[in-house]
Each structure stands twice: as C-alpha cells, then as structure tokens.
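# Observations on chain architecture
In case you want the letters, here they are:
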Amino acid sequence: MRGNILILCEDATFARMLELELSSMHFSVAMNAAPNARENDLILVDLDSASIPQKVGESTRIVGFTRHFEVSGLDARRRCSMILHRPFQMRVLREEVAHLEASEHREQKGDTNALVLSLNGNTLTLGEATVTLRPKESAVMSCLLANRGSAVSREMLSAFVGESTTNKTDVHVCYLRRKIATVTERAIIKTVRNKGYQID
C-alpha cells in the first residue's frame, strides 16, 4: 500500500512538479501542511526555504533538497536520510522513494532468507545470478561489502569512489539498485536514516 508524502517547499512550481511525479507513483501527496508524525511516511524538505520538522515519527523518512553544494550547516543534526542538489534528476528521487517502499514492504513480510553476495572485479554475484557493474558502481559495492552490517556515510562512499559530491554517489547507488533489481526483488542496499547506506 502506498504511503503519504509531505512536500515542504516555497517554490510553488517545483513543489507542483514533485507532487505530479510522486502522484504518478500512486502516493498520497500533501504540500506545505503541518507535519503529522503519525501520517507522513516521507517528508521532502526544501532546505533553502523551509525548516526540517522537529518532531516526526521513527519510521518517517526525510529527504532534503537544496541549490547549495555546501550543505554542512543545513542538516547539522543529520535528520535527512539523503540530500539532493538542485537541479537533480527526478529518477534519483523516484528510485529512493521506490526503494524505501520496497524495504518497508519486505520488513513487514519478515523476509529473512539469506542471499549470498560476492564481488569479483566488476562482476557482482547474487546467489546464482550475476550482474556486470561499471567501475564506480563496483567501488561503491566494494565499500559497502567491506562494511557489511554497518552503515557507510555518503561522504565516506564519495571519498572511496573518488566523487566530488555525495549527489554523484547517490546516482551510482541508484544505478546499482536498478541492476540488482533485474535479478532479485530483495532490497540489498538499504538507506539508513541519518547514517548512509548499508548492506546487511
């Protein structure tokens, strides 16, 4: 079942574009309403014009977006699970939202079957299936596998991969998830709120 998304953004045109995009994915979308911890599964916050809500539920995810690349002071308490830099490709947001939904669905089903993962060069093996990765996708997967069971920050991943911004690293993660989704329905790479990405 699709969840509720709240958009906090003073840029009416951009907020409307986000609303149309997410509504097409069959989410219930509200704009610039008072945050309700019990009702919102995801909150999108324009960090340039709106404040991050102080009180949200434990399961509520927050994704921030900004025009500025110096974002260290925008989310000092690390409440955003990710920060997108405008202009960002809409597919990055779609992938993140779809991944969050898939993760929650599998957690509710109690999917605990183990899946063996291994990485050999640019070939990722998942059980009996294999996926060919690009070099930077392979670097991301290598870092996550080396820290299996622990969250790896987006900054650490970016440094490991050699990217200048975490936004570029997020794109690599989206491509990785897309390739993995061609061979398994399992959510292999999880987004850990306030911490980064993790493989269990």
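Residues numbered from 1 in each chain as written. Predicted model: local features only at pLDDT ≥ 70, side-chain atom pairs only at ≥ 80, totals over all residues. Heavy atoms only, no water.

## Overview of the packing of helix H4 (residues 154-161) against helix H5 (residues 166-181)
Relative orientation of the contacting elements H4 and H5 amounts to 85°, with a least axis distance of 9 Å. Classified by the angle their axes make, H4 and H5 are roughly perpendicular. For the pair H4 and H5, contact is made by Arg154, Glu155, Leu157, Ser158 and Val161 and by Thr166, Asn167, Thr169, Asp170 and His172, respectively. Classifying every residue of the contact of H4 with H5 gives two nonpolar, five polar and three charged. (Axes fitted to C-alpha atoms, helices over the stretch in contact; angles between N-to-C directions. Helix = DSSP H or I, 4+ residues; strand = E, 2+ residues; numbered from the N terminus. Parallel < 35°, antiparallel > 145°, perpendicular 65-115°, else oblique. Contact = heavy atoms within 4.5 Å. Nonpolar A, V, L, I, M, F, W, Y, C, P; charged D, E, K, R; others polar.)

## Concerning the confidence of the model for the protein chain
Summing up the model confidence of the protein chain, the mean pLDDT is 78 and the portion of residues at 70 or higher is 81%. Mean pLDDT across the elements of the protein chain bottoms out in helix H2 (residues 90-109) (63) and peaks in H5 (89). Scored below 50 in pLDDT, residues 108-112 makes two contacts in the model with residues more than four places away or belonging to other chains. (pLDDT = per-residue confidence, 0-100.)

## Focus on the sheet that holds strand E6 (residues 117-120)
The strand order across the open sheet built from three strands is E6-E7-E8, with neighbouring strands paired in antiparallel fashion. Sheet topology places E6 and strand E8 (129-132) at the edges, where each strand pairs with a single neighbour. The average undirected angle you get between the axes of adjacent strands in this sheet is 20°. Pairing of strand E7 (residues 123-126) with E8 involves four bridges; the strand directions are antiparallel. Directly across from Thr125, in E8, lies its bridge partner Thr130. Contacting E6 and E7, helix H3 (residues 135-146) crosses the sheet at an angle of about 130° to E6. (Pairing = 2+ DSSP bridges.)

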